[in-house]
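For reference, the chains in residue letters:
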Amino acid sequence: MSGFQAPRGMRDLFGADAAAVTAVERAAYAAAEAAGYQRIISPIAEESALFERGIGGATDVVAKELYRLAPHAEDSTPLALRPEATAGILRAYIQHGMRSAPQPVRLVTVAPFFRHDRPQKGRYRQFTQFNVEAIGDAGPGIDIEVIELGASFLKQLGLTDVEVHFNSVGCSGCRPAYAAALRAHFAPIEGELGEVDRTRLRDNPLRLLDSKDAAAVRRAESAPALPGHLCDACAAHADVVRAGLDVAGVKVIDAPRLVRGLDYYSRTAWEYLLPGVEGQQGALGGGGRYDGLAALIGGTATPAIGFAIGVDRVVHALHDRKIETGAVAQPLTVICGIGEGSIGERIRLASLLRATGSAARADVTPRKIGKQLEGASRDGAVAVIIVEPDGRYSLRAMIDGKQEEPTDEASVLRAVAALVKRT
Ligand code: HAM
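Residues numbered from 1 in each chain as written. Predicted model: local features only at pLDDT ≥ 70, side-chain atom pairs only at ≥ 80, totals over all residues. Heavy atoms only, no water.

**Student:** Please give an account of the nonpolar core that cites residues and values.
**Tutor:** Counting residues in each nonpolar core, the largest one holds 48 residues, and the members touching the most others are Phe51, Leu90, Ile135, Phe186 and Leu209. Mapped by element, the contributors of at least two residues to this core are helix H2 (48-54), helix H3 (60-63), helix H4 (86-95), strand E4 (105-114), strand E5 (126-135), helix H6 (175-186), helix H8 (214-220) and helix H10 (293-296). Those residues within four positions of Ile135 in sequence are excluded, and the remaining contacts are Ile89, Leu90, Tyr93, Gln103, Pro104, Val105, Leu107, Tyr290, Thr302, Pro303 and Ala304. Ala134, Trp270, Tyr272 and Val315 belong to the second largest nonpolar core, which has 41 residues in total. (Core = buried A, V, L, I, M, F, W, Y, C linked by side-chain atoms within 4.5 Å. Buried < 20%, exposed > 50% of the residue type's maximum accessible area, 1.4 Å probe, protein only. Helix = DSSP H or I, 4+ residues; strand = E, 2+ residues; numbered from the N terminus. Contact = heavy atoms within 4.5 Å.)

What follows is the structure, encoded as structure tokens:
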């Protein structure tokens, strides 16, 4: 037996777990593509500086959780595994001049991301996100579209009680005054704060609102809220988004201290939360507007908005509530045979059936026909074809054991199709 194990916080998914993840991934692409979002497949690693500058050096995601790659001798730019999609997708938008396409550019990706966090149920070092970005539209209409898309996706999967917690984190005009108010609020307890939080107090007080340290968490409960500090334009933007969502059938819950864990947000910020679920597991997803990010990473100022929903957490939630996702696909027809000489013919027939769109596999293990039939029955096969030593076929309907002997290949295919149709 090998002593190797999957890396901590990274999982092997197989059987029903892999089927459930695949079903959610497919549903995610289907929902986004039906709404006009096109797939983008971007690299799994980017320059570390993209994340440091874009997501923010004071965020947990960059300061503590970034997987930095050891550089090859000939490479001068340090790379890191991507902890999220937004910075890389915006980098691609800028690099490929997508500004000249009709705006907004609507993009979707369902893919793995990496954060060196402490693993627990629902929190992994490799996890999958359903990520949607709409780039090049200052809103507020696109804000409503994107928030509704994520909410209705979760509802359609069966998570009907999902809550949308909503806030505005202001813009570069009004946020400094809010940051100052926060600094004043936390200053009296500076001595109780850890080193990281003391740095945040000085450089980036908004990050104190998502600190996990007890002293900061306690103080955050009475911290000034954002809405009182918004400029007129930000407040008006938030009002239109809230009203539009109401008409679109999405009830939002105001969350005046919601800032999210990444630095690039401006104005609209929200989270999809499942009530009554412990810890972070209930945080199914979140997103926001990031109008300042393009300029920060070297592009022309471009408004944008998006969200990411954690596929692993969605799968856990569906499982905990016993909501069916996709079952493991099984071959409907198994082609058995007598004698090793028929194995090539069994494989040819299975391939032919699959080419006609019907799931099929050949039994290729050296074993008696009785064992082959047991295996087919265990797999839930609908039909079994037996290739006789003289090359003739017999066909067995597994539902009632009835057997027939089609005379040629065309009648085998017709008979199988009729049996599959009956299921
Ligand atoms: P985020 O809040 O960091 O946002 O992540 C979004 C979701 O990804 C979380 O709500 C959670 O469901 C899932 N997630 C995050 N970390 C883990 C983990 N370690 N294990 C399992 N699931 C996890 C973003 O990533 C932003 N890029 C979202 C966004 C897109 N904003 C604008 N556009």
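**Student:** Pulling in residues and values, what's your account of the sheet that holds strand E15 (residues 403-404)?
**Tutor:** If you trace the 5 strands from one edge of the open sheet to the other, you get E12-E11-E13-E14-E15, paired in mixed fashion. Strands with a single pairing partner mark the edges of an open sheet, and in this sheet they are strand E12 (360-362) and E15. In this sheet, strand E14 (residues 393-397) lies alongside strand E13 (residues 383-387) in antiparallel orientation, the contact comprising 5 bridges. Note that in E14 the partner of Ala383 across the bridge is Ala397. Contacts from helix H14 (residues 409-422) reach strand E11 (333-337), E13, E14 and E15, with the element oriented near 5° to E14. (Pairing = 2+ DSSP bridges. Axes fitted to C-alpha atoms, helices over the stretch in contact; angles between N-to-C directions.)

**Student:** Outline the environment of His185, listing residues and values.
**Tutor:** Structurally, His185 can be placed in helix H6. The sequence separation of His185 and Pro205 amounts to 20 residues, and the corresponding C-alpha distance is 9.8 Å. Filtering out sequence-adjacent residues up to four positions away, His185 remains in contact with Arg219, Ser222, Ala223 and Pro224. A polar contact of 3.4 Å, which involves the side chain of His185, links it to the side chain of Ser222. (Polar contact = N/O pair within 3.5 Å; in protein donor to acceptor, adjacent residues only side chain to side chain.)

**Student:** Kindly report on helix H9 (residues 232-247), identifying the contributing residues and their values.
**Tutor:** The periodicity of an α-helix, 3.6 residues per turn, causes residues three or four places apart in sequence to face the same way. If you check H9, its first and last C-alpha atoms are 23 Å apart, about what 16 residues at 1.5 Å a residue would give, namely 22 Å. Here H9 has its buried residues at Cys234, His237, Ala238, Val241, Gly244 and Leu245. Taken end-on, H9 shows its buried residues confined to a sector of 130°, consistent with a single buried face. Facing away from the buried side of H9 by over 90 degrees, the exposed positions are Asp232 and Val247. The secondary structure elements touched by the buried residues of H9 are helix H5 (141-157), strand E6 (163-168), strand E7 (252-254), strand E8 (266-273) and strand E9 (283-289). At the C-terminal side of H9, Gly249 shows a positive phi close to 90°. (Expected span 1.5 Å × (residues − 1). Arc of directions from axis to C-beta.)

Everything listed is a geometric property; what it means functionally is a separate question.
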